[in-house]
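Residue-level structure breakdown
Spelled out from the first residue to the last, the chains are:
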Amino acid sequence: MGEEIRIGVYVCHCGKNIAAVVDTSTVADFASSLNDVVVARENTYCCAETGQAQIRDDIKEHNLNRVVIASCSPKLHEPTFRRTVTEAGLNPYLMEMVNIREHCSWVHMRERDAATKKAMDLVKMGVAKARLLQPLSDREVPTTKNALVIGGGIAGLQAATDIANAGHRVYLVEKAPTLGGKVAQLSGVSSDHQSPECLLIPMMTGAIIHPNIEVFTNAEVKSVDGYIGNFKVRIIKHPRYVKESCILCGECSAVCPVEVSNEFNAGMDSRKAIYLPFEQATPSTYVVDMKHCTRCGLCVESCPVNAIDLEDREEELELEVGSIIVATGFESFDPRNKPKYSYSQFKNVITSLQLERMLDPEGPTGGKPLRPSDGRKPTKIAFIQCVGSREEDGNQYCSKICCMSTIKQAKTLKTLFPEADITVYYRDIRLTKKELEKMYREVREAGVLFVRGDIKEVSETEGNNLLIKVHSETLNRMISRDIEMVILAVGLEPCIDGNLIKEIIKVPTGTDGFFMEAHPKLRPIDTVIDGVYLAGACLGPKDIAESIAQASGAAAKVCGLFSKDRLKLDGIISKVDPDVCIGCGICIKQCPFHAIIEEEIEEEKKAKVVEAACKGCGVCAGACPTGAIEAFSFTTEQLHAQIDAALEENPGEKIIAFCCNWCSYAGADFAGVSRLQYPTNVRIIRTMCSGRLSKDIILYAFEKGAGMVLVSGCHPPGDCHYVSGNYRCEERVNSLMKTLPKKGIDPKRLRLEWISAAEGVVFQRVTKEMAKELNDVKG
Amino acid sequence: MTKTGIFLCVCPSATSAIDIEKTAKSIELADRVVYPYRYLCSQRGLRFLDDCIDKDKLDRIFIVACPEDIHRHVFKRASSSKGPGIEYINIGKIKDEKGLIDSIKERLKEDRGKVIKEEVMTREVLVIGGGVGGVQAALDIAEEGYKVYVVERTLSVGGVMAQLDKTFPTMDCSICILGPKLVDAGKTPNIELITNADIKNITGKAGDFNVEVEIQPRYVDMEKCNGCSACVEVCPVILPNEWDLNLKPRKCIYVMFAQSVPLRYTIDKEKCIECELCKKVCELDAINLDEEPKRRTLNVGAIVLATGTQTFDASRKKQYGYGRIKNVVTNMEFERIICASGPTSGELLRPDGKHIKKVAFIQCVGSRDIHFHEYCSSYCCMASIKEGRLVMEHDPDAEVWIFYNDLRAFGKGFEELYVRSEKEGIKFIRGLPGEIRENAETEDPIVTFEDTKTGKVSEIGFDMVVLAVALEPSEQNPRLAEMLDLEIDPHGFFKELNSTSRPLETSNRGVFLAGTCQGPKDIPETVAQASGTAAKVCTLFSEINQPAKRL
Ligand SMILES: Cc1cc2nc3c(=O)[nH]c(=O)nc-3n(C[C@H](O)[C@H](O)[C@H](O)COP(=O)(O)OP(=O)(O)OC[C@H]3O[C@@H](n4cnc5c(N)ncnc54)[C@H](O)[C@@H]3O)c2cc1C
Ligand SMILES: Cc1cc2nc3c(=O)[nH]c(=O)nc-3n(C[C@H](O)[C@H](O)[C@H](O)COP(=O)(O)OP(=O)(O)OC[C@H]3O[C@@H](n4cnc5c(N)ncnc54)[C@H](O)[C@@H]3O)c2cc1C
Ligand code: SF4
Ligand code: SF4
């Protein structure tokens, strides 16, 4: 192309975030000395209105046709700056960001000189890549204005209702035989006198009868394909074995000979193999639990309306939706995992969930919280807080709702048994809603005792009584107390079935196991996957109000998406050069999205990318033996240019780190955000997927003298944003390892690591280890 | 003869004090049947309702149940397929069977079938308050395709978040993540920002509110000014900058902060000496020293309240000496001190120039204190941990002490940050200090406290003490509440329809709540809730679209 390249470089101070560590004026001066750079400036905040205006003005005034912005992570502001340059008439893909904050100033806080040198290298790499950027155009696709909501708890119900009310079709998929989630099991909710039934029942009924909502209970999502606006979802509807004509007479249950523990009542009583999960279960029909059913057929005979069909079959459906809301909720912590509480060993140690069931007039004890061992009224009751939360060796996080739930339960118990001694053993009482502090005062005034301390042990004494040993913080010594009933305030854990969803939809989870939002502050409802949103406790412990508010928020995102008929998808895709393609078909096999087809050009077989289906991972480009495929914005030429620039000086001392956009690059960002310091000789090169890398590109880095090379991507099996790109990468790295010695390269200099978006610590550890090794090798 | 069916929902929470049988007996006549049913709003209940309507050929139906807004959508849909419309009686406020019987009889006398006239509907929305909550609500509502006005009292949108340095728990830079959102709001064609403006009056109801707004003069033409700042250079009047605790100067013609949206200059008319130097230098002829306040009337269908909070006046807590002791500051002030764009350019300096090496944070100042506010402000434990970490980042040798009662690290990633901070050296002392004195010579504040973990009383001097002050309801809330016929909760925050199940809605059907004006919360919760109001607006607009048949 004959076009003259005119580059503008902007070095952001980010207030002091960058400027306090990196000498930005030196970096800007250096940038202006680089070939093709027409202007290079510093700016206090490039993202502020004035900063953006400066860039726009320069583009016009200096006829810039490439812009390099050295500031924060592209994950934060790439969309912002793409828009900025567009406004000045430049193609958005002619802007390149250089991350000198998360990957430089924040991780080398005490090494000003080295950080400045690194920033200069990074800018040089960015400019080198920018020279080769090509203008791309966004793709437009139509949207299907149907939504899928996964999980029929309070959050899923709210989200489905809001979307349906806005006039869009919603499919609500719940794995249990009834809607309702955990709220159905509660006997009271904390902050007001409304009963959970009055909250939940109209929502469940409303969903069932809503003309825009189709409810699938006893159902699962099997697979999700496609992209924002155009997802294809396969759902399995497990058989219920009871038809809708069921009149709820209960004859079947009466004759069923199989008794199993009743999960709804937290195992405190039993139910039959044919059962109604709870009285107000919705849809209100009985259901057969095939895991336990013996197919004796007694129920079939007993049913007066012939509603039972034990031959009922599983159904599979395919739905087309434009957006997905994940609302799979939580699981209660199982205290059996913590021997010191002796749960399941001693009868009178129960969980807070069990107490909820006991307090329910329809519950196993008819609303009376009596001792499980002898049905007696307990006179000495202890609550133990933080069971399964705030632990060093287990769940580190605070479960947020258990303090509130204990206050609520203690209040109810005190009203039922005014004479009883009730003590709460806690570490901090964490109440957050505006009305709760008053309730806390009232329970204290009513005589409930709060003791700050650490529970060491729960043991049993005569008559199934209990003895607890506590280290009291106030007295600063061990105390022992006789107790008649102990309630463990169990924490919340990520839902196991929710994790299946993680594999299916690829929404990443954090170190705590809960789903991760796209940005903890500004995008708390979005996921990194466009068109997929989160609601409720699947994101982390939340009370009902917060789950509901957030679910409405997720619904609003969907409504916003559906307000337009067509959506824009970005222009980063791959393209085959038919002149170079030899028709080997390797790319067709490796493309995770079946987006490459074979076509005949002048009687020769050639590969061709289907643009709408391409997700731009570049796995094909990494696979192609002839280099016929270009992954836009991450072309081989561009990657080579970045490597060249990074290794221009002292290559042997440097570590080239190839990081995939979704996990490892984000992990390195997270190291930055957490200010985890690591060696300054790391040079990160971003690709969309680790599967973009070919053996040749990795080799190229060694040829140019790189001391070490790190290749990192998302954890197998399920984390890869592009399904299997990480496996392709692994295959290539493994095969390359074998040939390295022949080329005289010590395989130790190449390392493959899986680093998730939450694993800033791992990124730090790996780079430190590599730097140390590099040092050792050099002697 | 018409036959009337009275369906009584017997739900334990609403009817436990009412004798259902007695009620039924005293109302039932040949043409009037009472049907008690447990949980009428359940799927079973609806089947029962349908069956009875068919079986007994009812042509007038009453539903006596909890407040209508909880279940209206259920019964309305169920009834639309059946013949008669449904009349509701709210059981929520009824105490005993006498009350119930009376109110049923009263309603039976009323003429049925009052058809309400089709509702007027303006599909435009007003957001009051342009903090992160208001801006997020505006962005999401605009994305749904509706026009949004944001009325903000100050010169720029941004709210509290614009003043913060970093944000917990991930410690990212506040203005860096907020700034672009503000710029977005300023640019979105469906959003109109009306800054420097007050709400004067509101009349009307859901679908059709009339709002009178008074826009204060900036003395600079918003259309003409392009933010070039030539005027600032020539302005001779130098004033303390409120944004930076008066520690940094600004001119009489100024912007609130560098990332202000809109980025337009304003003259502080009270201090202006009318030298007109700015007027002369302004090439765009944007300056008009005689500008008058303007009035505008907006017609909107829904209103989102996002007026946020104000911070507690720490001088009310006398024993901590705020206002008296120079180096006792509030956490809001400390955010500015530590902020790169703040008065000390991010250096940890006291006003007297001394380096801050030892800082104490005191929690619950004005919160959890029956003398002031009983509620917990919920952000301040984490804010202090954040600020403490920032101190140590600036100076690894600095000492940070946090005095607290309960450390409330309850949100996502909070406990992890707390544990990490304790490991990294922040001292957490259980127990709030009794008082703070000043060392007359060094001006160091001296903190007297009893560590409840050890029971010892000690006195320690610090370079600076930071008070983590409460978030309190804005003084403006009562006025707005009155205009909108809303309830205020006992603390002064706007009251939601139901704190568990309807956190976003209010007793006024067209008014929704976003962010801290409903109660203290952090940024993520504010943002999520603000997005939620966008869905409520959408629902309202589609509801009003299909006018209810009868009331
Ligand atoms: C003991 C206890 C007491 C509590 N007390 C209170 C209180 O007083 N006040 C309060 O506000 N909150 C309280 N809570 C918290 C409250 O339960 C939660 O806020 C609420 O349940 C969250 O709703 P959710 O919809 O997000 O999740 P859930 O209620 O867990 O619902 C999730 C739903 O998704 C379904 N699901 C999961 N995986 C899949 C899948 N793969 N496919 C399809 N469906 C799936 C589940 O079956 C479930 O129905 C309490 C919790 C406990 C444990
Ligand atoms: C010192 C401090 C540190 C904090 N640190 C953090 C943190 O690190 N992380 C975090 O998550 N949260 C933090 N918070 C909490 C966070 O600031 C709030 O959650 C957030 O700002 C709430 O946003 P909002 O939009 O509800 O209210 P605000 O930010 O208060 O905005 C309300 C807006 O409404 C305007 N307004 C008010 N009344 C009217 C009216 N009548 N007419 C027109 N406009 C009006 C105001 O001028 C203001 O612009 C901190 C708070 C403080 C005080
Ligand atoms: S909410 Fe209370 S009991 Fe639950 S984990 Fe947090 S501090 Fe512990
Ligand atoms: S968040 Fe912490 S400091 Fe703030 S009021 Fe609550 S307990 Fe006190």
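In this text, all values refer to a predicted model and were calculated from it rather than measured experimentally.

Moving on to the overall build of chain B. Scanning chain B from N- to C-terminus turns up 14 helices and 28 strands. Overall size of chain B, expressed as C-alpha extent along the three principal axes, is 90 × 70 × 35 Å. When the 551 residues of chain B are sorted by exposure, 61% land in the buried category. Contacts spanning at least 24 positions in sequence make up 69% of the contacts within chain B whose residues lie at least 6 apart. On chain B, roughly 21700 Å² of surface is accessible, and the fraction owed to carbon and sulfur atoms is 50%. Side-chain charges of chain B comprise 74 positive and 84 negative groups, with the mean position of each set lying 5 Å from the other.

Bringing the sheet that holds strand S24 (residues 445-451) of chain B into the picture now. All names here are of chain B. In space, the 3 strands of this open sheet follow the order S23-S24-S25, with antiparallel pairing throughout. Two strands close off the open sheet at either side, each with one partner strand: strand S23 (435-438) and strand S25 (456-461). When the angles between neighbouring strand axes are averaged without regard to direction, this sheet yields 25°. The pairing of S24 with S25 spans 6 bridges and is antiparallel. Across the sheet, residue Glu450 finds its bridge partner in S25, namely Val457.

Residues and elements named next belong to chain B. Near ligand 2 lie 36 residues; those nearest to it are Glu152, Val160, Lys386, Thr516 and Lys521. At 2.9 Å, a backbone N or O of Gly133 approaches an oxygen atom of ligand 2. Take Ile523: an N or O atom from its main chain is 2.8 Å from an oxygen atom of ligand 2. If ligand 2 stood free it would expose 1000 Å²; the protein chains cover 97% of that surface. Listing elements by their share of the shell around ligand 2, those giving two or more residues are helix H6 (132-143), strand S7 (166-167), helix H10 (331-338) and helix H14 (523-545). In terms of residue class, the shell around ligand 2 is built from 14 nonpolar, 15 polar and 7 charged. Domain assignment of the residues forming the shell around ligand 2 places at least three in each of domain 2 (124-216 + 293-308 + 474-541) and domain 4 (311-472).

Quick look at the domain arrangement of chain B now. The domain boundaries assigned to chain B delineate domain 1 (4-112), domain 2 (124-216 + 293-308 + 474-541), domain 3 (230-281) and domain 4 (311-472). Taking only C-alpha atoms, the centre of domain 1 of chain B and the centre of domain 2 of chain B are 38 Å apart.

With that out of the way, let us pick up the nonpolar core. The tendency in soluble globular proteins is for nonpolar side chains to be buried as a group. Judged by nonpolar contacts, the single largest core of 212 residues is most densely connected at A:Val67, A:Val709 and B:Ile63. In contact with A:Val67, not counting residues within four places along its chain, are A:Gly8, A:Tyr10, A:Ile55, A:Ile59, A:Val85, A:Leu90, A:Leu94, A:Met95 and A:Glu96. Judged by nonpolar contacts, the second largest core, of 56 residues, contains B:Cys380, B:Leu390, B:Val400 and B:Val466.

Contact residues are listed per partner, giving 104 residues for chain A and 96 residues for chain B. Both sides together, the interface formed by chain A and chain B hides about 8100 Å², and carbon and sulfur atoms give 53% of it. On the chain A side of the interface with chain B, the three residues burying the most area are A:Lys434, A:Lys521 and A:Leu522, jointly 11% of the side's total. Here chain A and chain B share 20 salt bridges between them. For B:Asp184, the salt bridge goes to A:Arg83, with nearest N and O atoms at 2.6 Å. Our enumeration of links across chain A and chain B arrives at 42 residue pairs in polar contact (both at pLDDT 80 or more). Only helix H2 (49-61), helix H3 (74-87), helix H6 (154-165), helix H7 (196-209), helix H12 (436-445), helix H14 (544-562) and helix H18 (664-673) of chain A provide two or more residues apiece to the side of chain A that touches chain B. At 13 residues, the largest contribution of residues to the side of chain A that touches chain B is made by H14(A). A breakdown of the residues in the side of chain A that touches chain B according to their chemical character gives 43 nonpolar, 29 polar and 32 charged.

Turning our eyes to something else, we now look at the site of ligand 1. All names here are of chain A. Close to ligand 1 lie 36 residues; Glu174, Lys408, Ala537, Lys542 and Ile544 are nearest. Ala155 has a polar backbone atom sitting 3.0 Å from an oxygen atom of ligand 1. A distance of 2.8 Å separates an oxygen atom of ligand 1 from a polar atom in the backbone of Ile544. Burial of ligand 1 by the protein chains amounts to 97% of its free accessible area of 1000 Å². Counting residues per element, the ones that place at least two in the shell around ligand 1 are H6, strand S17 (330-332), helix H10 (352-359), helix H11 (402-416), helix H13 (496-505) and H14. Ranked by residues supplied to the shell around ligand 1, first place goes to H11 with 3 residues. Its residues placed into classes, the shell around ligand 1 shows 16 nonpolar, 13 polar and 7 charged.

Taken as a whole and judged by the stated rule, the model has 98 salt bridges over all chains. Linking A:Glu442 and A:Lys438 is a salt bridge whose minimum nitrogen-to-oxygen distance equals 3.6 Å. Pair noted here: A:Glu442 and A:Lys438 are both in helix H12, with a separation of 4 residues, about one helical turn. The exposure class assigned to A:Glu442 is partly exposed, which follows from its relative accessible area of 29%. Assessed through its relative accessible area of 40%, A:Lys438 is described here as partly exposed. Salt bridges here are not isolated pairs; linked through shared partners, they connect A:Arg390, A:Asp428, A:Arg430, A:Glu437, A:Arg452, A:Glu473, B:Arg368, B:Asp406, B:Arg408, B:Glu415 and B:Arg430.

Right, let's talk about the packing of H2(A) against H3(A) for a bit. Residues and elements named next belong to chain A. In contact at an axis separation of 8 Å, H2 and H3 are set at 40° when each is read in the N-to-C sense. It follows from the interaxial angle that H2 and H3 lie oblique. Handedness of the crossing formed by H2 with H3: right-handed. Contacts between H2 and H3 involve Gln52, Ile55, Arg56 and Ile59 on the former and, on the latter, Thr80, Phe81, Thr84, Val85 and Glu87. Residues belonging to the contact of H2 with H3 are distributed by class as follows: 4 nonpolar, 3 polar and 2 charged.

Residues and elements named next belong to chain B. Residues at a pLDDT of 70 or more form 93% of chain B, whose mean pLDDT is 88. This model gives residues 547-551 a pLDDT under 50, and the stretch forms 12 contacts once residues within four places in sequence are excluded. In the model output, the complex is listed with pTM 0.87 alongside ipTM 0.91.

Moving on: the state of the cysteines. All names here are of chain A. Summed over all chains, the structure comprises 1 disulfide over all chains. Covalently, Cys663 is tied to Cys714 through a disulfide, its sulfur atoms 2.5 Å apart. Linking Cys663 and Cys714, the disulfide has an S-S dihedral of approximately 100° and is accordingly described as right-handed. Note that Cys663 is positioned in the loop between strand S32 (655-660) and H18 and Cys714 in the loop between strand S34 (708-713) and helix H20 (725-739), a separation of 51 residues in sequence.

Turning our eyes to something else, we now look at the packing of aromatic side chains. Both the distance between ring centres and the angle between the ring planes are used here to describe each pair of aromatic rings. All names here are of chain A. Inspection of every chain in the model, using the stated rule, returns 25 aromatic pairs over all chains. Ring centres of Tyr426 and Phe450 lie 6.1 Å apart, and the angle between their planes is 75°; on these two criteria the pair is classed as edge-to-face. In this pair, Tyr426 sits in strand S20 (residues 421-426) while Phe450 sits in strand S21 (residues 449-460), placing the two residues 24 residues apart along the sequence. Take Tyr426 and Phe450: they sit in the same class, and that class is buried.

Moving on, we come to helix H13 (residues 477-484) of chain B. All names here are of chain B. Asn477, Leu480, Ala481, Met483 and Leu484 are the residues of H13 that are buried. One face of H13 carries all of its buried residues, which in axial projection span an arc of 165°. Those residues of H13 hidden inside the fold are in contact with strand S5 (124-128), strand S10 (197-205), strand S11 (208-215), strand S17 (302-305), strand S27 (471-473) and strand S28 (511-513). One or two residues past the end of H13 sits Asp485, with phi positive at roughly 55°.

Residue and element names in this part refer to chain A. Among the 5 residues of strand S6 (residues 146-150), 5 are classified as buried, and the element is accordingly described as predominantly covered. When S6 meets strand S7 (residues 169-173), the two strands line up parallel, connected through 5 bridges. From the neighbouring strand, Ala147 faces S7, where its bridge partner is Val170. Note that the unit made of S6, H6 and S7 has a crossover that is right-handed. Bridge count for S6 against strand S16 (residues 323-326) is 4 bridges, and the pairing is parallel. The residue bridging Leu148 from the neighbouring strand is Ile324, located in S16.

Rules behind the numbers
Residues numbered from 1 in each chain as written. Chains lettered and ligands numbered in written order. Predicted model: local features only at pLDDT ≥ 70, side-chain atom pairs only at ≥ 80, totals over all residues. Heavy atoms only, no water. Helix = DSSP H or I, 4+ residues; strand = E, 2+ residues; numbered from the N terminus. Buried < 20%, exposed > 50% of the residue type's maximum accessible area, 1.4 Å probe, protein only. Contact = heavy atoms within 4.5 Å. Areas by Shrake-Rupley, 256 points an atom, 1.4 Å probe, with all protein chains shown as cover. Lys, Arg positive; Asp, Glu negative; His and termini not counted. Charge placed at Lys NZ, Arg CZ, Asp CG, Glu CD. Pairing = 2+ DSSP bridges. Axes fitted to C-alpha atoms, helices over the stretch in contact; angles between N-to-C directions. Near = heavy atom within 4 Å. Polar contact = N/O pair within 3.5 Å; in protein donor to acceptor, adjacent residues only side chain to side chain. Nonpolar A, V, L, I, M, F, W, Y, C, P; charged D, E, K, R; others polar. Domains from an automatic or database assignment. Core = buried A, V, L, I, M, F, W, Y, C linked by side-chain atoms within 4.5 Å. Buried area = accessible area lost by both parts, 1.4 Å probe. Salt bridge = Lys/Arg side-chain N within 4 Å of Asp/Glu carboxyl O. Parallel < 35°, antiparallel > 145°, perpendicular 65-115°, else oblique. Left-handed = near helix turned anticlockwise from the far one by under 90°. pLDDT = per-residue confidence, 0-100. Disulfide = S-S within 2.5 Å. Phe/Tyr/Trp six-rings, centres within 6.5 Å; stacked < 30°, edge-to-face > 60°. Arc of directions from axis to C-beta. Right-handed = clockwise from strand over helix to strand, strands pointing away.

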